[in-house]
Amino acid sequence: AQTVTQSQPEMSVQEAETVTLSCTYDTSESDYYLFWYKQPPSRQMILVIRQEAYKQQNATENRFSVNFQKAAKSFSLKISDSQLGDAAMYFCAYRSMKTSYDKVIFGPGTSLSVIP
Amino acid sequence: NAGVTQTPKFQVLKTGQSMTLQCAQDMNHNSMYWYRQDPGMGLRLIYYSASEGTTDKGEVPNGYNVSRLNKREFSLRLESAAPSQTSVYFCASNRPGGPRNSPLHFGNGTRLTVT
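Attention in this report is confined to the structure presented alongside it.

Calculation criteria
Residues numbered from 1 in each chain as written. Chains lettered and ligands numbered in written order. Predicted model: local features only at pLDDT ≥ 70, side-chain atom pairs only at ≥ 80, totals over all residues. Heavy atoms only, no water. Helix = DSSP H or I, 4+ residues; strand = E, 2+ residues; numbered from the N terminus. Rg over C-alpha atoms; globule rule 2.2 N^0.38 Å. Buried < 20%, exposed > 50% of the residue type's maximum accessible area, 1.4 Å probe, protein only. Contact = heavy atoms within 4.5 Å. Pairing = 2+ DSSP bridges. Disulfide = S-S within 2.5 Å. Buried area = accessible area lost by both parts, 1.4 Å probe. Polar contact = N/O pair within 3.5 Å; in protein donor to acceptor, adjacent residues only side chain to side chain. Nonpolar A, V, L, I, M, F, W, Y, C, P; charged D, E, K, R; others polar. Salt bridge = Lys/Arg side-chain N within 4 Å of Asp/Glu carboxyl O.

### Considering the overall build of chain B
For chain B, the count of helices and strands is zero helices and eleven strands. Going from N to C terminus, chain B has its helices and strands arranged as β-β-β-β-β-β-β-β-β-β-β. Scaling as 2.2 N^0.38, a compact globule of 115 residues should have a C-alpha radius of gyration of about 13 Å, and chain B matches this with 13 Å. The principal-axis extents of the C-alpha atoms in chain B amount to approximately 40 × 30 × 25 Å. Counting over 115 residues, chain B shows a buried share of 49%. In chain B, once contacts between residues fewer than 6 apart in sequence are set aside, the share between residues at least 24 apart is 55%.

And the structure:
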């Protein structure tokens, strides 16, 4: 079974600085998808960025980018120019490409604080 | 454009009571999911339904039952609530036939407390 690990329960960053959140996963599959979700205090789950395992190029979305290392099974999220609104829980998630296995597995989350 | 609607938002139960959490989506999604969120454990999958009429267990199914009433609705039932089921519950759905990288669409969650 696939597992997702986030080794940093809490992180903090100064406003306007850069922070990297770590995620590792375990799978025997070669094709899959990876996601980062943000959960602010409102409890809403918001997709931040996604990465297809078959793509070598790292995904970017404005101030958010990933460092995808397939061989190392690592999928870290970099937030540049951090803003107060970035303070939230961040979850890494894995989705198999197998149509018979339509499950999305989440990591335990990292709580990010942004210091003014 | 409601998306995924969960009810209720909050609920307090006594041990042994039963209740059903309701979830409906208006996006014509095939796949629907129930997760529970506990501090330090992320979101754990309780049950999911790949299509109308089918359901399958996730990581933590014990103590729960589900019904995929139709394509829109996917309910979660606690037959005899226990304090260990105190949690925040999320319903989610996924776009059908689209790329497999399509993200989950989440409801706003139900905070359940069992005393």
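From this point, the discussion proceeds with the structure in view.
### Some details on the pairing of strand β7 (residues 64-67) of chain B
Each regular strand displays side chains that alternate between the two surfaces of the sheet. Residue and element names in this part refer to chain B. On β7, burial follows the alternation: Y64 and V66 on one face are buried, whereas N65 and S67 on the facing-out side are not. Alignment of β7 against strand β8 (residues 75-78), held across four bridges, turns out to be antiparallel. Note on β8: the bridge partner recorded for S67 is S75.

### Description of the state of the cysteines
All names here are of chain A. Under the defined criterion, the tally for this structure stands at two disulfides over all chains. Here C23 connects covalently by a disulfide to C92, the sulfurs 2.0 Å from one another. Sign of the S-S torsion, about -70 degrees for the bond between C23 and C92, identifies this disulfide as left-handed. Of the two residues, C23 is situated in the loop between β3 (19-21) and β4 (24-26) and C92 in strand β10 (residues 88-96); the sequence distance between them amounts to 69 residues. For the residue pair C23 and C92, the accessibility class agrees, reading buried in each case.

### Section: the interface of chain A and chain B
Counting residues at the interface gives 25 residues for chain A and 27 residues for chain B. Taking both sides of the interface into account, the surface hidden between chain A and chain B amounts to around 2100 Å²; carbon and sulfur atoms contribute 50%. Here chain A and chain B share seven residue pairs in polar contact (both at pLDDT 80 or more) between them. By residue number, the principal contributor to the side of chain A that touches chain B is strand β5 (residues 32-39) of chain A, which donates four residues. Looking at the side of chain A that touches chain B residue by residue, the class counts come to twelve nonpolar, six polar and seven charged.

### A word on the pattern of salt bridges
Between side chains of opposite charge, a pair can form when the charged atoms approach closely. Under the defined criterion, the tally for this structure stands at six salt bridges over all chains. Linking K73 of chain A and D26 of chain A is a salt bridge whose minimum nitrogen-to-oxygen distance equals 3.8 Å. Taken as a pair, K73 of chain A in the loop between β8 (64-69) and β9 (74-79) and D26 of chain A in strand β4 lie far apart in primary sequence, 47 residues in all. Beyond isolated ion pairs, a larger network of salt bridges with shared partners links R36, D38 and R44 of chain B.

By themselves, these figures tell us nothing about what the structure is for.
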